[in-house]
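Inside the fold
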Amino acid sequence: MPDRTIRARRLVLASAGVMSLALLATACGGSGGGTSAAPKDFKYLSVTENTTTRTALTTLSKSTCKAENDALPLKVETIPQAQLDQKLQLLAGQNALPSMFAAGNAPALTKQLAKGGKVAEIQMELERLGVLDQLEPAAVSTIKALYGGKLMALPYEYNIEGFFYNKKLFKENGIAVPGTWDELLVAADKLNAKGIQPFSASGAQGWPLTRLISGYLYRSLGPEALDKVDAGTAKLTDPNYVKAAEEVASLGKKGYFGKGVGSIDYDTAMNQFLTGKSGMFYMGSWALANIADPKQNKVGAENVGFMPFPAVKGGAGSIDQYPSNIGLAVTLGSQNFNKETGAWVSCIAKNFGSTALKDHGTITGFKVNTPVKDANEVAGTVRKTISSSKQNVLWFEALFSTKATTISNTNAPGLVNGSVSPKRFMETVQSALASQ
């Protein structure tokens with residue numbers, strides 16, 4: 001589960017990776033990995049804010065991967081995420097990137113490093129090692145969607161998104177799990193009629209609202225809906241795109257988000273759902289940690305279910321295409337990729353998924369080869385969903401610039417409280433995209 005601080009900083013830093021790319025390209029110069037002495041350790045450059053990955057790797061170094069660690073000792077270095085891109089640019093220019101490192105805050109930097117020969121050909125290496133099948137297909141799909149069709153990172157974190165719902169409230173009010181958007185609206189109507197807030201959402205963050213827009217777009221127009229916007233073959237101002245904003249705006253107009261959604265922060269929205277004040281909560285699977293915590297979850301983990309974003313009647317999308325992300329990506333340097341490094345990567349691919357789930361309750365994009373008991377039923381549901389999902393999609397702002405992302409998030413509350421029309425919302429975001 002990615003740290004929320006990391007997610008928030010990633011949002012702010014989303015285009016930091018494009019800084020000085022021209023200079024970086026000169027430094028990389030297409031020279032490939034270059035020549036250097038064999039590495040003395042398996043160095044991993046991580047961000048200070050993320051403790052789970054490095055802790056799990058340390059556990060492996062002392063247990064399942066001890067032989068690999070004896071041959072090439074794990075060495076972890078950390079840096080604040082805000083300084084990561086600058087550090088990577090500096091190391092790339094010095095031909096000194098480590099064996100493994102947290103990728104840039106935006107895919108652009110990692111793509112540029114790869115173009116300069118600084119990133120290992122991960123898919124080729126995993127195939128050579130015979131461990132490519134240790135990555136969940138859904139995670140591979142997500143990584144390739146972010147990195148121009150190439151496997152440029154390892155899925156140490158993996159999250160899917162959908163609606164968590166209160167099973168007890170659904171049962172008490174005769175509500176079946178919605179399979180379509182129309183059925184979702186009926187469920188919301190029933191809850192609202194009984195004085196129960198249908199949805200929790202953080203308007204202060206904005207993205208929990210805009211993810212509903214992209215969810216509708218993917219179901220109505222298909223998984224390429226936002227790729228087409230990125231490619232310039234479609235615009236957010238097209239009528240079938242504005243329709244998605246209209247549907248989300250109508251939820252706010254009906255009062256389904258409760259009062260003052262624009263000032264509700266992430267923790268408050270989470271608390272509303274976990275204390276039974278709302279019936280549904282659209283969120284990523286990182287929320288499983290909150291759900292498993294009895295101090296936070298007053299409705300009980302046994303009363304929380306998980307369902308995909310519902311289908312749109314006549315839509316081109318499929319209900320089993322889940323918005324997903326890999327947290328802060330981790331990639332491999334080409335310069336130090338030798339036999340010993342490959343042995344480490346092979347051991348990680350086979351064992352990291354089980355270790356992270358067992359010790360941290362974290363779902364990754366690696367397969368779980370050692371049986372691990374799930375913390376609760378909903379965690380098991382999410383894990384099974386990840387394993388069975390073959391094609392995943394991104395989120396509303398995934399391919400946006402920092403400017404467009406900020407404008408989208410800051411205008412989202414106005415969309416649901418009625419101060420910004422759906423058409424105006426999409427026009428404003430499209431204008432920001434056009435200027436990037």
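Shown above is the structure to which this text applies.
Treat the numbers as computed from the prediction; the structure is a model and nothing was measured.

Moving on, we get to the packing of helix α13 (residues 239–253) against helix α19 (residues 422–434). Packing of α13 against α19 brings their axes to within 8 Å, and their N-to-C directions diverge by 125 degrees. Relative to α19, α13 is oriented oblique. When you trace α13 past α19, the crossing you get is right-handed. Contacts between α13 and α19 involve Y241, V242, A245, E246 and A249 from the former and P422, K423 and M426 from the latter.

Turning to the pairing of strand β1 (residues 42–47), a few remarks are in order. The side chains of a regular strand alternate, residue by residue, between the two faces of the sheet. Within β1, five of the six residues are buried, leaving the element largely enclosed by the surrounding structure. In this structure, β1 lies alongside strand β2 (residues 74–79), joined through six bridges in parallel fashion. If you follow L45 over to β2, its bridge partner there is E77. Alignment of β1 against strand β3 (residues 100–102), held across two bridges, turns out to be parallel. Each bridged residue has a counterpart across the sheet, and for L45 the counterpart in β3 is F101.

Attention now goes to the nonpolar core. Ranked by internal contacts, the top residues of the largest apolar core, which has 124 residues, are F164 and L236. When residues in this core are grouped by element, the largest group, eight residues, is from helix α16 (residues 339–360). Those residues in contact with L236, other than ones at most four positions away along the chain, are L226, V229, Y241, V242, F396, F400, M426, V429, Q430 and L433. With 14 residues, the next largest nonpolar core counts A92, L97, F101 and A102 among its residues.

In this structure, N95 is a non-glycine residue whose phi angle is positive, near 55 degrees. Considering the arrangement of structural elements, one finds N95 in the loop between α5 (84–93) and β3.

With that out of the way, let us pick up the side chain of T53. Among the secondary structure elements, T53 is positioned in helix α3 (residues 52–61). With residues up to four places along the chain from it excluded, the contact list for T53 reads Y44, Y156 and F352.

Below, the discussion takes up α3. Note on helix geometry: an α-helix contains 3.6 residues per turn, so any two residues three or four positions apart are oriented the same way. Counting buried positions along α3 gives seven out of ten residues, so the element sits mostly inside the fold. Every buried residue of α3 is accounted for by T52, T53, R54, A56, L57, L60 and S61. Contact partners of the buried residues in α3: β1, α4 (66–71), β2, β3 and α16.

Let's shift gears to helix α10 (residues 181–193). Relative to the 18 Å expected for 13 residues at 1.5 Å per residue, α10 spans 18 Å between its end C-alpha atoms, a close match to the ideal helical length. When α10 is considered as a whole, its buried residues turn out to be W181, L184, L185, A187, A188 and L191. All buried residues of α10 lie within an arc of 160 degrees about the axis, which places them on one face of the element. At the exit of α10 stands G195, carrying a positive phi of roughly 80 degrees.

Strand order across the open sheet formed by four strands is β2-β1-β3-β9, with mixed pairing between neighbours. Two strands close off the open sheet at either side, each with one partner strand: β2 and β9 (330–332). Within this sheet the neighbouring strands show an average axis-to-axis angle of 20 degrees, counted without direction. Looking at chain direction, β3 and β9 are connected through three bridges and run antiparallel. Paired with A102 across the strands is V330, a residue of β9.

The next point concerns the pattern of salt bridges. According to the stated counting rule, one finds ten salt bridges in the structure shown. Residue E125 is joined to R128 by a salt bridge in which the shortest nitrogen-to-oxygen separation is 2.6 Å. Of the two residues, E125 and R128 both sit in helix α7 (residues 122–129), three residues apart, roughly one turn of that helix. Taking the relative accessible area as the measure of exposure, E125 reaches 13% and is therefore buried. Where salt bridges share partners, they join K43, K75 and E77 into one cluster.

Using the criterion set out here, one finds one disulfide in the structure. A sulfur-sulfur separation of 2.0 Å characterises the disulfide bridge that pairs C65 with C347. The sign of the -100 degrees torsion about the S-S bond sets the C65-C347 disulfide as left-handed. Residue C65 is located in the loop between α3 and α4, and its partner C347 is located in helix α16; the two are separated by 282 residues in the primary sequence.

The next subject is the environment of K259. Mapped onto the secondary structure, K259 falls in the loop between α13 and α14 (266–274). The exposure class of K259 is exposed, given its relative accessible area of 83%. Separated by 183 residues in the primary sequence, K259 and V76 have C-alpha atoms spaced 46 Å apart.

The rules behind the values
Residues numbered from 1 in each chain as written. Predicted model: local features only at pLDDT ≥ 70, side-chain atom pairs only at ≥ 80, totals over all residues. Heavy atoms only, no water. Axes fitted to C-alpha atoms, helices over the stretch in contact; angles between N-to-C directions. Helix = DSSP H or I, 4+ residues; strand = E, 2+ residues; numbered from the N terminus. Parallel < 35°, antiparallel > 145°, perpendicular 65-115°, else oblique. Left-handed = near helix turned anticlockwise from the far one by under 90°. Contact = heavy atoms within 4.5 Å. Buried < 20%, exposed > 50% of the residue type's maximum accessible area, 1.4 Å probe, protein only. Pairing = 2+ DSSP bridges. Core = buried A, V, L, I, M, F, W, Y, C linked by side-chain atoms within 4.5 Å. Expected span 1.5 Å × (residues − 1). Arc of directions from axis to C-beta. Salt bridge = Lys/Arg side-chain N within 4 Å of Asp/Glu carboxyl O. Disulfide = S-S within 2.5 Å.

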